[in-house]
Amino acid sequence: MKSARPSTSGSQTFVSSTPAPPQYLNDDPRPEEVAVRNRDGKKQDKKMGIMKRKKEKTRRMSHDEKCDEKVQKDEKTETDVGLPEPSKPSTSIPEQPLPPPPPATIFLTGATGFLGKVVLSELLRQSIDYTIIKIIILVRTKNKKSARARFLRELYKSSCFSDLSSGWPRLVQVVEGDLVKEKCGLEEAVYNEICGEVTHVVHCAGSNKFSLPMKEAVRMNVESTINVFELAKSSPELEQLVITSSAYSSPNQDTPIREEFMKLPLSAKEIMMVIEGGRMEEEKLLMSTGHGHSLGLSKCVAENWVLERIEELDREREDEERRVELERIAEMEEKSVEIENESGEVEENGEENEEGAKGDNDENGTKDESNEVVAEREGEEEEDGKDKDNIQNDEHEEEAAKIEPEIPSEKGFEVKIIRPSLLGPSKQYPHPGWCEGAGIFISLMGCISKGALRVLDGDPNTPLNVVPVDQVAAKLIQAAFPPPDSILVEDAEPTTARREETRMKILFAVSPATQSFTTRTLTETIISYVHTAHPYPGKFNKPKITYIGPKGGRFKLHTTVHQKLPVLVKKALCAVRSNDDVKIEVEKAGRVVKELVLELGRSGILRGRGWDFRPDNEVI
């Protein structure tokens with residue numbers, strides 16, 4: 001008996017058992033599709049294939065959407081728990097550090113003076129910040145002492161430099177000279193060497209005495225400034241010239257005193273000629289300018305001389321530029337005429353050749369061939385002419401460049417004039433209260449503290465403008481090394497007024513009006529300080545002030561009883577006791593008081609309403 005086989009001819013299928021529904025792969029056709037394909041042929045097969053692909057595509061798209069939803073859900077979960085978002089690349093350019101300033105070589109005058117010592121000390125202390133590689137100080141011989149000996153005695157051993165490292169002298173070069181002489185009294189080789197390397201000049205030398213004779217004041221304050229300016233002008237690498245003047249270069253007036261130039265009735269050179277020739281009495285000259293003392297007039301003349309010299313240099317520069325431009329234009333016109341003449345000669349030669357060629361053609365009967373030859377010759381001559389013109393133009397440009405001299409830049413170096421008021425003890429550097437020097441205010445403090453001065457010709461309510469010496473030194477150094485954002489920029493075509501504004505500037509170095517104190521407050525403060533910090537030593541009289549007021553009967557009485565008589569008694573006691581040391585000190589103090597009284601009377605700083613200085617920026 002034959003075994004039963006499943007029949008494929010009908011709609012039913014006979015199997016021996018009922019298995020689980022079969023699992024079909026995605027690419028395997030189902031049995032129904034196979035049966036339909038077998039019955040209906042290729043048309044049905046094609047239709048079912050299309051339906052299958054659409055269904056598969058829909059299923060895959062559904063799967064991709066579910067995956068996207070899951071990814072979005074995961075990202076949301078990460079955001080909810082506070083995970084940091086990925087940082088975006090920065091598109092901004094990082095700030096580049098400023099390049100260090102170029103090496104600086106400084107020429108300093110007046111280094112042995114009260115202000116000059118502090119300036120030198122501060123330059124050494126800040127040498128790294130300003131990349132200072134050398135400080136050249138000019139020292140004159142005095143009392144048969146050489147410049148080197150004065151440096152060792154007055155600077156190297158000074159307490160002003162005690163906080164610096166022991167190797168600070170290696171940064172200092174001492175040169176011997178005299179500022180009132182031509183080329184600052186320096187030897188030719190030394191002068192040229194300084195001019196070739198100096199980048200900054202700080203001029204602190206001069207006299208700050210109010211009672212000097214006018215000729216002496218001009219020599220100390222004007223001629224020294226002239227020689228320093230000429231040295232600066234001869235220095236091609238110079239960037240800044242800083243000149244120390246005085247706040248009292250402007251006469252006292254009812255209106256505030258600003259950071260402005262005071263124009264004199266005559267030019268600086270004319271006033272110097274009047275003073276040197278003795279054409280006018282000193283008092284009349286002071287009255288004509290409004291100044292009450294030689295210090296103010298001499299400093300004002302020095303400022304005006306610098307301004308006039310700068311304007312003169314600017315005019316010379318403009319004249320030189322105009323002369324060079326005219327020479328260049330004349331040279332160009334001359335070359336153009338030569339080129340035109342040479343071009344005319346070339347054309348004449350071409351015409352002669354053409355006429356000769358035509359005559360030959362007529363005679364020989366070869367006109368066409370001759371014309372071609374002439375044309376070729378003309379083309380060659382024209383090309384040769386162009387080459388010659390180009391060569392001549394190149395040669396002309398080279399010659400024009402050679403004859404044009406180098407003209408200094410319009411900016412040149414900047415000039416800053418610093419006007420300090422009365423110099424007082426230092427506030428911070430080199431030490432608080434340091435006052436190793438001279439000056440009207442320092443002398444006033446010393447005479448009052450020693451009891452040598454007890455009567456003052458003045459007004460107890462007159463304000464005094466005293467500024468610490470280290471603050472003035474800081475002002476000078478700041479002017480010599482201005483920050484990059486404050487460098488002055490000139491116009492493309494600056495006028496004379498614009499040059500005055502940009503190339504030369506006046507800056508006050510004074511205390512704000514709110515910090516000024518009166519004469520009475522000053523004397524009381526000094527006496528209180530002496531009593532508490534320095535008890536009465538016994539060498540001099542006990543410090544006190546018995547009278548502050550105008551000259552008169554009371555002034556003379558107090559001067560005789562409280563000031564002169566105690567000094568005579570002290571001298572007599574010293575003679576009896578053979579105390580020569582105290583006697584010498586008392587006599588020296590008497591000379592200082594006499595000179596101080598003359599200074600105070602000439603300056604008038606203790607009388608009247610005082611000077612109302614109004615700086616643009618009160619930085620001190």
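Residues numbered from 1 in each chain as written. Predicted model: local features only at pLDDT ≥ 70, side-chain atom pairs only at ≥ 80, totals over all residues. Heavy atoms only, no water.

Colleague: Please clarify how the overall build of the chain should be interpreted in this entry.
Modeller: Scanning the chain from N- to C-terminus turns up 16 helices and 13 strands. Counting across all 620 residues of the chain, residues that qualify as buried make up 37%. Long-range pairs, those at least 24 residues apart, make up 83% of the contacts in the chain with a sequence separation of at least 6. Carbon and sulfur atoms make up 51% of the accessible area of the chain, which amounts to about 38300 Å² in all. (Helix = DSSP H or I, 4+ residues; strand = E, 2+ residues; numbered from the N terminus. Buried < 20%, exposed > 50% of the residue type's maximum accessible area, 1.4 Å probe, protein only. Contact = heavy atoms within 4.5 Å. Areas by Shrake-Rupley, 256 points an atom, 1.4 Å probe, with all protein chains shown as cover.)

Colleague: Help me understand the sheet that holds strand S2 (residues 132–139), please; the structure alone is not making it clear to me.
Modeller: One key point about sheets: their strands pair by backbone hydrogen bonds, in either a parallel or an antiparallel sense. Judged by pairing direction, the sheet is parallel, and its seven strands sit side by side in the order S3-S2-S1-S4-S5-S6-S11 without closing on themselves. What marks the edges here is a single partner per strand, and that holds for strand S3 (172–176) and strand S11 (504–509). Averaged over all adjacent pairs, the angle separating strand axes in this sheet is 20 degrees, with direction ignored. Note that strand S1 (residues 104–109) and S2 share six bridges and pair parallel. Looking at the pairing, Thr 105 lines up with Lys 134 of S2. On the sheet, helix H3 (residues 114–125) packs against S1, S2, S3, strand S4 (200–203) and strand S5 (240–244) and is oriented at approximately 165 degrees with respect to S2. Strands S1, S4, S5 and strand S6 (414–420) of the sheet are contacted by helix H6 (residues 214–233), whose axis makes an angle of about 175 degrees with S4. (Pairing = 2+ DSSP bridges. Axes fitted to C-alpha atoms, helices over the stretch in contact; angles between N-to-C directions.)

Colleague: How do you make sense of the pairing of S5 when you look at a structure like this?
Modeller: When a strand is regular, its side chains alternate between the sheet's two faces. Where burial is concerned, most of S5 is hidden: five out of the five residues are buried. Burial along S5 is two-sided: the face carrying Gln 240, Val 242 and Thr 244 and the face carrying Leu 241 and Ile 243 are both buried. Bridge analysis of S4 against S5 gives four bridges, and the strand direction is parallel. What sits directly across from Val 202, in S5, is Val 242. For the segment spanning S4, H6 and S5, crossover handedness is right-handed. (Right-handed = clockwise from strand over helix to strand, strands pointing away.)

Colleague: When you look at the environment of His 431 in this model, what are you seeing that I'm missing?
Modeller: Relative to the helices and strands, His 431 resides in the loop between strand S7 (422–424) and helix H11 (440–449). With 271 residues separating them in the primary sequence, His 431 and Cys 160 have C-alpha atoms 7.7 Å apart. His 431 has contacts with Ser 159, Ser 162, Asp 163 and Ser 426, leaving out every residue within four places of it along the chain. At a separation of 3.1 Å, a polar atom in the side chain of His 431 contacts the side chain of Ser 162. (Polar contact = N/O pair within 3.5 Å; in protein donor to acceptor, adjacent residues only side chain to side chain.)

Colleague: Please clarify how the side chain of Ser 603 should be interpreted in this entry.
Modeller: With respect to the helices, strands and loops of the structure, Ser 603 is situated in helix H16 (residues 580–603). Among the residues examined, Ser 603 registers a relative accessible area of 4% and is labelled buried. What Ser 603 contacts, discounting residues up to four positions off in sequence, is Phe 210, His 293, Ile 440 and Trp 611.

Colleague: Help me understand the packing of H11 against helix H14 (residues 519–533) in this model?
Modeller: Axes are the key here: two packed helices are described by the angle between their axes and the distance separating the axes. Interhelical geometry of H11 versus H14 gives an angle of 55 degrees and a closest axis separation of 9 Å. Compared by their axis directions, H11 and H14 come out oblique. Considering the relative orientation of H11 and H14, their crossing is right-handed. Two secondary-structure elements touch here, H11 through Phe 441, Leu 444, Met 445, Ile 448 and Ser 449 and H14 through Leu 522, Thr 523, Ile 526, Ile 527 and Val 530. Split by residue class, the contact of H11 with H14 holds eight nonpolar, two polar and no charged. (Parallel < 35°, antiparallel > 145°, perpendicular 65-115°, else oblique. Left-handed = near helix turned anticlockwise from the far one by under 90°. Nonpolar A, V, L, I, M, F, W, Y, C, P; charged D, E, K, R; others polar.)

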